[in-house]
Amino acid sequence: MLARIVVLIKQVPTTESVRLNEETGTMIRTGMDSAINPLDLHAVEQAVRIKDNAPDTTHITVLSMGPSQARSAIREALAMGCDEGILLSGREFAGADTWATAYTLVQGLRGLFPFDLVLCGERATDGETGQVGPMVAALCGLPLITYVNRLTWDEGTITACRAIEGGTEIVSCPLPVLACVLRELNEPRLPTLAGKVRAHELDITVLDGEGIGADKSLLGLAGSPTRVVKVIYPSFQRNTQLFLANDEGMEAALDHLETSLRRAP
Amino acid sequence: MTVARGVWVLGEQRNGRIHPVSYELLAWGRALADDLHVYLECVMVGTGITAAAKSLIAHGADRVRCLEHSELLTFRVDPYARIVESLVREHQPEILLAAATTMGRTLMPVLAAHLHTGLTADCTGLSIDPNERLLLQTRPAIGGNVLATIKTPEHRPQMATVHPKARRPLAADPSRVGEIVVETIDESLLGSRVLRLGFEEDLTMASSLQDAELIVAGGRGLRTAKRFSDLFEIAAHLGGVVGASRCAVDLGWASHAHQVGLSGKSVSPTTYIALGISGSPNHLAGMSSAERVIAINSDADAPIFQVADVGLVADLADLLPRWLDRLRARKRRDGQGGLGG
Ligand SMILES: Cc1cc2nc3c(=O)[nH]c(=O)nc-3n(C[C@H](O)[C@H](O)[C@H](O)COP(=O)(O)OP(=O)(O)OC[C@H]3O[C@@H](n4cnc5c(N)ncnc54)[C@H](O)[C@@H]3O)c2cc1C
Ligand SMILES: Nc1ncnc2c1ncn2[C@@H]1O[C@H](COP(=O)(O)O)[C@@H](O)[C@H]1O
């Protein structure tokens, strides 16, 4: 029987110099260096390892929502060994918060039914919320396993280790299931030259809001329950005494440091 | 439609014991409930909570809702989410807070998805907009130079998670009065396709960083891995533990377990020494509740100085070896560690 895996990947900026649109508080994504979210590489690697064990009966779809340049992130995943890429892209998706993002991805997933396993990164390095994976599971009605650092797939069942406070929880779940994975799960492979060539030849399907049959009022900024209302530069909080070592000398600076340390706060 | 009212916090228990993060949540919630002139309620799911519920009232709750069942001893997302969701739908709180623990970070997005409302992760500040009665949720934003304030204008409840240790609990006041409500559990909500097979305790993982009274934290300004590793010796002399900025972790000088900040740990030591850390909001998000901050940086304009009580403008390449010499010499003299002097 064919095993179908979907990996949700996000393209993120590789530099920290992201700018915010002052009016909407959303990220300006154009003209940035970007790549696949580092944590999502571990999700892709997990999927490809499952495929390594059963190459003829495993099919991996990469699904992403983002601007058209997110194609290159999808190609990275295809080069690692995924079979098919789908990009959800359209003006109506712009400004989505985590709820609207999850809704959009779920609409995209509906077109891929039936599947056995959905893999996500634990969080993206830009938004840093870690909310999208669990929200997708909830809106899809899929069982959810978060903080996964080990995963085995065996005859219709997933067994996973969850790294939580104080130790490791071991759980199992019949398929289908959604898992959010941690960096410790594996070491992502580098794409081979052959993989890159293959990825280049594959077509990436691009779908907009209509293409996934979405309710327009639930997409993008319009469909987002949250609003960024203010962006501020953090203010002074403490009354700092500055000690200039260059003027006073290094030994005096150390004296000052040690006196400060001895004094109770 | 009824108007949503009241502030709820989602407490946590481990093995039937109330987890201290519940008291921190009550401190967050108390301030909001007072501003709104509404009740502060604490929802506890688990077993053996009712007996301990009084302490939640002493720490600020007006009402504690206990959801007890032997099958709820350990967190499982499906039953927890269904039970809390039905309670939220029934009573319609305007605000729902939880801790950004692995439980809160799993449960809250599932709840927010089902309730079709907004959720803001890892808030460092929460306040009430007096004109609109809306929750203002502040968190460090992308890029690390700004704090973004987020609100949820139309959907209810307004949901947010806060970092553990980002705020101190209120002092317990045993004379506070409040109500303890034992909710009945609908057994049909207890099922889950995810089966818990076991738990392997890892004692080394029980992070000393979050409980430390003194943290010696280093950033890129230390310039070399060797100099970063000196921090471990300094920390040992002072009886503290080592923290790191994300840059230091990315450079491989320390493991992620040492990272302090938005995507690392929140700490609230008595003393936090920041060496060669610029003080980006993403880093400050994890240590701003330290009682006292001592910062050493060669740049007098580094933002870390804005949150420091004591600031030393010094080149660490020069200062650090001298400091180590002093600490070593003192140890040889005293035959012991400590601050000496
Ligand atoms: C989504 C997201 C999440 C993040 N989460 C975190 C997080 O959890 N924790 C975190 O720390 N960061 C986090 N960051 C990164 C954060 O924005 C900063 O980039 C990082 O904290 C900077 O680390 P730093 O202070 O060590 O390095 P820098 O910003 O490079 O600062 C180094 C400092 O050292 C000083 N210095 C240089 N040479 C010397 C010398 N010889 N002697 C003394 N001082 C010297 C410099 O003046 C400078 O102030 C996150 C970023 C993003 C985008
Ligand atoms: N726009 C997106 N397209 C596809 N997957 C996404 C998107 N946003 C988030 N994800 C997935 O959800 C995970 C958590 O992202 P976040 O909630 O943004 O921190 C990521 O690691 C991805 O697997």
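Our structure's up above, just so we're on the same page.
Remember, it's a predicted structure, so these values are computed and weren't measured experimentally. (Residues numbered from 1 in each chain as written. Chains lettered and ligands numbered in written order. Predicted model: local features only at pLDDT ≥ 70, side-chain atom pairs only at ≥ 80, totals over all residues. Heavy atoms only, no water.)

Our next topic: the overall build of chain B. Along chain B, the regular secondary structure elements total eight helices and 18 strands. Dimensions of chain B along its principal axes, counting C-alpha atoms only, are 65 × 45 × 45 Å. By the burial criterion, 59% of the 341 residues in chain B qualify as buried. When contacts within chain B are restricted to residue pairs at least 6 apart in sequence, those whose partners lie at least 24 apart make up 64%. Carbon together with sulfur atoms contributes 50% to the accessible area of chain B, which is approximately 13,500 Å² in total. (Helix = DSSP H or I, 4+ residues; strand = E, 2+ residues; numbered from the N terminus. Buried < 20%, exposed > 50% of the residue type's maximum accessible area, 1.4 Å probe, protein only. Contact = heavy atoms within 4.5 Å. Areas by Shrake-Rupley, 256 points an atom, 1.4 Å probe, with all protein chains shown as cover.)

Helix and strand content of chain A: seven helices and 15 strands. Taking the principal axes of the C-alpha coordinates as reference, chain A spans close to 75 × 45 × 40 Å. Taking all 265 residues of chain A together, the buried fraction comes to 54%. Within chain A, contacts between residues separated by at least 24 positions form 71% of all contacts whose residues are at least 6 apart in sequence. When the accessible surface of chain A is totalled, it reaches about 11,900 Å², and 51% of it is carbon and sulfur. Separation between the mean location of the 23 positive side-chain charges and that of the 33 negative ones in chain A comes to 3 Å. (Lys, Arg positive; Asp, Glu negative; His and termini not counted. Charge placed at Lys NZ, Arg CZ, Asp CG, Glu CD.)

Now for the nonpolar core. By size, the foremost hydrophobic cluster in this structure holds 59 residues, and its most contacted members are A:Leu109 and A:Leu178. If you tally residues by element for this core, the top one is helix α4 (residues 102–115) of chain B, at eight residues. Look past the residues within four positions of A:Leu178 in its chain and what remains in contact with it is A:Val118, A:Cys120, A:Gly133, A:Val136, A:Ala137, A:Leu142, A:Pro143, A:Leu144 and A:Ile145. Judged by nonpolar contacts, the second largest core, of 37 residues, contains A:Ala43, A:Met80, A:Leu87 and A:Leu119. (Core = buried A, V, L, I, M, F, W, Y, C linked by side-chain atoms within 4.5 Å.)

All names here are of chain A. Around ligand 2, 19 residues are found, and the nearest of them are Leu 8, Ile 9, Asp 40, Ala 124 and Gly 130. Taking Leu 8, its main chain carries an N or O atom lying 2.7 Å from an oxygen atom of ligand 2. Ile 9 places a main-chain nitrogen or oxygen 3.3 Å from a nitrogen atom of ligand 2. Contact with the protein chains covers 98% of the free accessible surface of ligand 2, which is 480 Å². Counting only elements with at least two residues in the shell around ligand 2, the list comes to β6 (58–65), α3 (98–110), β8 (117–121) and α4 (132–140). (Near = heavy atom within 4 Å. Polar contact = N/O pair within 3.5 Å; in protein donor to acceptor, adjacent residues only side chain to side chain.)

Note: interface size is frequently given as the accessible area lost on complex formation between the parts. Contact residues are listed per partner, giving 83 residues for chain B and 74 residues for chain A. For the pair chain B and chain A, the two sides together bury roughly 6,900 Å², of which 59% comes from carbon and sulfur. Linking chain B with chain A are six salt bridges. With eight residues, the single largest contributor to the side of chain B that touches chain A is α4(B). The residue inventory of the side of chain B that touches chain A, partitioned by class, reads 42 nonpolar, 22 polar and 19 charged. (Buried area = accessible area lost by both parts, 1.4 Å probe. Salt bridge = Lys/Arg side-chain N within 4 Å of Asp/Glu carboxyl O. Nonpolar A, V, L, I, M, F, W, Y, C, P; charged D, E, K, R; others polar.)

This next bit is on the site of ligand 1. All names here are of chain B. Near ligand 1 there are 31 residues, and of these Ser 245, Ser 263, Ser 278, His 283 and Asn 297 occur at the shortest range. A distance of 3.2 Å is found between an oxygen atom of ligand 1 and a side-chain nitrogen or oxygen belonging to Asn 282. In the complex, 89% of the free accessible area of ligand 1, which totals 990 Å², lies under the protein chains. Listing elements by their share of the shell around ligand 1, those giving two or more residues are α6 (246–250) and α7 (281–287). A class-by-class count of the residues in the shell around ligand 1 yields seven nonpolar, 16 polar and eight charged.

With antiparallel pairing, four strands are arranged side by side in an open sheet as β14(A)-β10(B)-β9(B)-β8(B). A strand with exactly one partner marks an edge of an open sheet, and here the two such strands are β14 (227–232) of chain A together with β8 (125–129) of chain B. Mean inter-strand twist for the sheet, computed between neighbouring axes without regard to direction, equals 30°. Against the sheet, helix α1 (residues 21–36) of chain B contacts β8 and β9 (134–140) of chain B, and its axis sits at roughly 5° relative to β8(B). (Pairing = 2+ DSSP bridges. Axes fitted to C-alpha atoms, helices over the stretch in contact; angles between N-to-C directions.)

What follows deals with the pattern of salt bridges. Residue and element names in this part refer to chain A. A full pass over the atoms with the stated rule returns 30 salt bridges over all chains. The residue Asp 52 makes a salt bridge to Arg 189 at a minimum N-O spacing of 2.9 Å. One end of the pair, Asp 52, is in helix α1 (residues 38–53); the other, Arg 189, is in the loop between β12 (177–181) and α5 (193–201), and 137 residues separate them in sequence.

On to the packing of aromatic side chains, then. All names here are of chain B. Counted by the stated rule, this structure contains five aromatic pairs over all chains. Judged by centre distance (6.2 Å) and plane angle (40°), the ring pair of Phe 228 and Trp 253 falls under tilted. Linking Phe 228 in helix α5 (residues 225–238) with Trp 253 in the loop between α6 and β16 (271–275), this pair joins segments that are 25 residues apart in sequence. For Trp 253, a relative accessible area of 16% gives the class buried. The structure contains a cluster of three or more aromatic residues connected by ring pairs, namely Phe 228, Phe 232 and Trp 253. Its guanidinium or amino end placed over the ring of Trp 28, Arg 167 lies 5.2 Å from that ring's centre, counting from NZ or CZ. (Phe/Tyr/Trp six-rings, centres within 6.5 Å; stacked < 30°, edge-to-face > 60°. Lys NZ or Arg CZ within 6 Å of the ring centre and 35° of its normal.)

This is a description of form; function is not addressed.
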